Amino acid sequence: MSKSQAEQAVDAWFAGRGWKVFPFQRAVWKAALAGQSGLLHANTGAGKTYAVWFAAMLRGANRSRRDRTGLRVLWITPMRALAADTQRSLEVSAEELGAASPDAIGAWTLGARTGDTGSGERARQAKNLPGALITTPESLSLLLSHAGARDQFKHLDMIIIDEWHELMGSKRGVQVQLALARLRRWNPELVVWGLSATMGNLQDARNVLLGTGADESKSVLVEGDLKKQIVVDCLIPQNVSRFPWGGHLGLQMLQPVIDEIEKNGATLVFTNTRSSSEVWYQNLIEARPDWAGTVALHHGSLDREVRDWVEKGLKNGELKAVVCTASLDLGVDFLPVERVLQVGSAKNIARLLQRAGRSGHAPGRISRVTLVPTNSLELLEAAGARRAVATRRIEARQVPNKPFDVLVQHLVTIALGGGFRSEELYEEVTTAWSYRHLTKEEWQWALDFVARGGQSLSVYPEYRRVLPDEEGVYRVPDATIGRRHRMSIGTIVSDAQMQVQYVSGGRIGSVEESFVGRLKPGDHFLFSGRILELVRVHEMTAYVKRSASTKGAISRWGGTKVPLSAEMARAGLEELERASRGIYEGPEMQAVRPLLEVQARWSALPTGEVLVIESMKSREGYHLFVYPFGGRSVHTGLASLVAFRVGKLMPSTFSVAVNDYGFELLSPEPVDWARMFDAETGADVGLFDTGRLLEDVLDSLNATQLAQRRFREVARIAGLVNQGFPGQRKSMRQVQASSALFYEVFRKHDSGNLLLTQAEREVLEQELELTRLRDTLTELHARRVSFHEVKRATPFGFPLMVERFREKVSTEKLSDRVARMVRELEKAAAA
């Protein structure tokens, strides 16, 4: 079969750059030209962008000149910071191909529509959308909320969802599912492609992307067969403590990191939190003031102009290093980057692969990530991660199931965007994977909730957001309601953000209102890599000036510690199993060997077959240490569950501490743990039973308080509470008070409210990982119990004690107390 003029032009474009077309790219072009949709999974930097973008242009070449008008390609990205970079990348190839083949390819116009798009550009797009539009899930929903949406999308031919692995497991992914369902209803022949780089459950990912109504004959999964080499190594600390605690190495690794930056080209230094990135950046500049201007900071709370400057500097090869967070995980192509350093454990194989791919971001180049441990036990994680990466054991992404807050928001959006008939929209919504099991009763509840506020809000007119007209079409009856809804579209929920601005002018970025609320004028804090002094707060803006001080409070942002993934935990246990047989492979395991040998001598090493449990008496009371290696979230539920079940057998009160490896229970009264966990038979008295798991977990925790906190987010997405209009912003305290009031009203007067049950379900599924907790309990039943009464804290137990110390108010400095304990333990270990 001869190639078309357009295909010949594409081949010539690749050849002109000395590149070859990979088989997976041709497979995508062939499938798209045949009208097939699908998922493309390939390594970061392998050429996925050209595969789908050229497929879109080839499809356009098959149209007559008359049909090459209006919006034809929609490119959805999870981060608005990627939109401008993506636009530049697509424009270059479109211009060159269009010039080389004006008859076949033709001219393409491209544009971006995100929260960063100016009002002038929005006005132009309202009149005439470009041929290809790069947008975010939120901005796409906003476009669908306008009455002329169907007409705007009437020429749409292809949708591309970038970084689908990032979106799929979140409510933003559900938002995309619902938008796709709407666009497919308008055009059943629409071609949809998702791009993924790090995903374990590819078939599931494709099914979620294409929805329940997908024609199997027109849906494909294309995998890039490029064996990209990924190198994972580790900076080994000079002194590996046998008694570690969270972050104890910390800035001891500063000099090794400086040495790595010194001897390499452009380097990305990833940290897991924005606060950590601030600390590392400041310390790098203090240690190397000559690097000022060539070492930069990048995270999501910095002002857009600052981020743009950093990204441009990286692309142009002007920066030596950038300290960053997940803000640089995705998409942006930085060819000059040679090295990636990961400070602290990535806790997740997929995240580690994603970050590794930021270096060597081109076909055939090696990607390398170097791990920088912040405590000795992270050497164990590093060894496990290296093996897991080598065998490509990547975590599966789970999909939200029927989030009613997103559904309620979507109903109002579609009512604004031309209106809907109930039965038709129900059929449409159930083609979205997350709502494939949505019942008619649940649908009617959601419809009733937006139409009259449900059972308990029906007397308040402002909650009658959607009403049927005389023809049975549901529409938004009030312009103010519509304006408020458009301002609240989206599923990203966080503490209210307060702008940080110099008194003299110039924005720096944003921090959470709750952090600034703890400061008073004259206080100093670290932000954007500099020490700032708070001058005053006015209308959600913190006015500051530069400070000569060298110390300040570290800015805090929302979010919890990332828990150890199941794959990482499994990899760590496998390394421990080898160590229990005296096998220490690789530099990481050799470095951590003295720690593990003390653990084995004083107690035992946990493995996939052995559950190690320790009991100890100290001046504080009676300790229990358990090491399931289930991750922080699971251990939170597990510790509370065990404490609750013991409490039903005997009067007891416990203090609890958890980390990714295990948990500690401390009681002032003695507990016969040897009987609770019978070392002879490996049996217990039901502490790890899966029966009544849900009921016992709810009873063991302050589930009401957890659910109320989660309900605050649900209520904001569902449109019950909002941040107010510009110039009239509500404080976080007002939002909290509003959501708390709704929570109490629903609990007392509308117990069947699905938003209420959703909040409870999300606490169990996401915060406590109930499914993984159940799986962990099942695994623990299969393990042999190795019970030990120890005289002193073991290397695995010590970090749990320190976690508990952090929560206590004490006149004694934590560092002093920990240092004294370490000296005593090291003395005992050397004896």
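Here's a quick rundown of the structure. All values derive from a computational prediction rather than experimental measurement.

### A short note on the side chain of threonine 607
Along the polypeptide, threonine 607 turns up in the loop between α22 (586-602) and β22 (610-618). At 3.1 Å, the side chain of threonine 607 and the backbone nitrogen of glutamate 609 are in polar contact. Looking at threonine 607, its side chain comes within polar contact range of the main-chain nitrogen of valine 610, at 3.1 Å. The contacts of threonine 607, once residues within four sequence positions are left out, are Leu573, Leu576, Glu577, Ser580 and Arg783.

### Section: the environment of glycine 572
Here glycine 572 is to be found in helix α21 (residues 566-580). In this structure glycine 572 comes out as buried when scored by relative accessible area, which is 5%.

### Here we look at the packing of aromatic side chains
In this description, a pair of aromatic rings is defined by centroid distance and the angle of the planes. One pass over the full model with this rule turns up 31 aromatic pairs. Relative to tryptophan 673, the ring of phenylalanine 654 lies with its centre 6.0 Å away and its plane at 40°, an arrangement referred to as tilted. With phenylalanine 654 in the loop between α23 (632-649) and β24 (655-658) and tryptophan 673 in helix α24 (residues 673-676), the pair connects residues that are 19 residues apart, well separated along the chain. As far as burial versus exposure is concerned, phenylalanine 654 and tryptophan 673 are alike and both buried. Ring plane angle 45° and centroid distance 5.6 Å describe the contact between phenylalanine 677 and phenylalanine 688, whose orientation is recorded as tilted. Of this pair, phenylalanine 677 sits in the loop between α24 and α25 (693-700) while phenylalanine 688 sits in the loop between α24 and α25, placing them 11 residues apart in sequence. In this structure phenylalanine 677 comes out as buried when scored by relative accessible area, which is 0%. Ring pairing ties together the aromatic residues Phe404, Trp445, Phe449, Tyr463, Phe711, Phe742, Tyr743 and Phe746, which thus form one cluster.

### A word on the sheet that holds strand β25 (residues 663-667)
A sheet is described by the order of its strands in space; here 5 strands give the open sequence β24-β25-β23-β22-β26, paired in mixed fashion. On the outer flanks of this sheet lie β24 and β26 (784-789), each paired with one strand and no other. This sheet shows a mean twist of 15° between the axes of neighbouring strands, independent of strand direction. Two strands pair when backbone bridges link them, and β22 and strand β23 (residues 621-626) are joined in this way by 6 bridges, in the antiparallel orientation. When the sheet's bridge partners are listed, lysine 617 is paired in β23 with tyrosine 622. Across the sheet, α23 is in contact with β24 and β25; its angle to β25 comes to roughly 30°.

### Concerning helix α2 (residues 23-33)
Along α2, the residues classified as buried are Phe24, Gln25, Val28, Trp29, Ala31 and Ala32. All buried residues of α2 fall inside an arc of 170° around its axis, so they share one side. Exposed side of α2, more than 90 degrees from the buried face: Pro23 and Lys30 are the residues found there. Looking at the buried positions of α2, the neighbouring elements they touch are α1 (5-16), β1 (37-41), α3 (48-61), β6 (191-196) and β7 (219-223). Taken from the residues just after α2, glycine 35 is the one with a positive phi, measuring 85°.

Cut-offs used in this document
- Residues numbered from 1 in each chain as written.
- Predicted model: local features only at pLDDT ≥ 70, side-chain atom pairs only at ≥ 80, totals over all residues.
- Heavy atoms only, no water.
- Helix = DSSP H or I, 4+ residues; strand = E, 2+ residues; numbered from the N terminus.
- Polar contact = N/O pair within 3.5 Å; in protein donor to acceptor, adjacent residues only side chain to side chain.
- Contact = heavy atoms within 4.5 Å.
- Buried < 20%, exposed > 50% of the residue type's maximum accessible area, 1.4 Å probe, protein only.
- Phe/Tyr/Trp six-rings, centres within 6.5 Å; stacked < 30°, edge-to-face > 60°.
- Pairing = 2+ DSSP bridges.
- Axes fitted to C-alpha atoms, helices over the stretch in contact; angles between N-to-C directions.
- Arc of directions from axis to C-beta.

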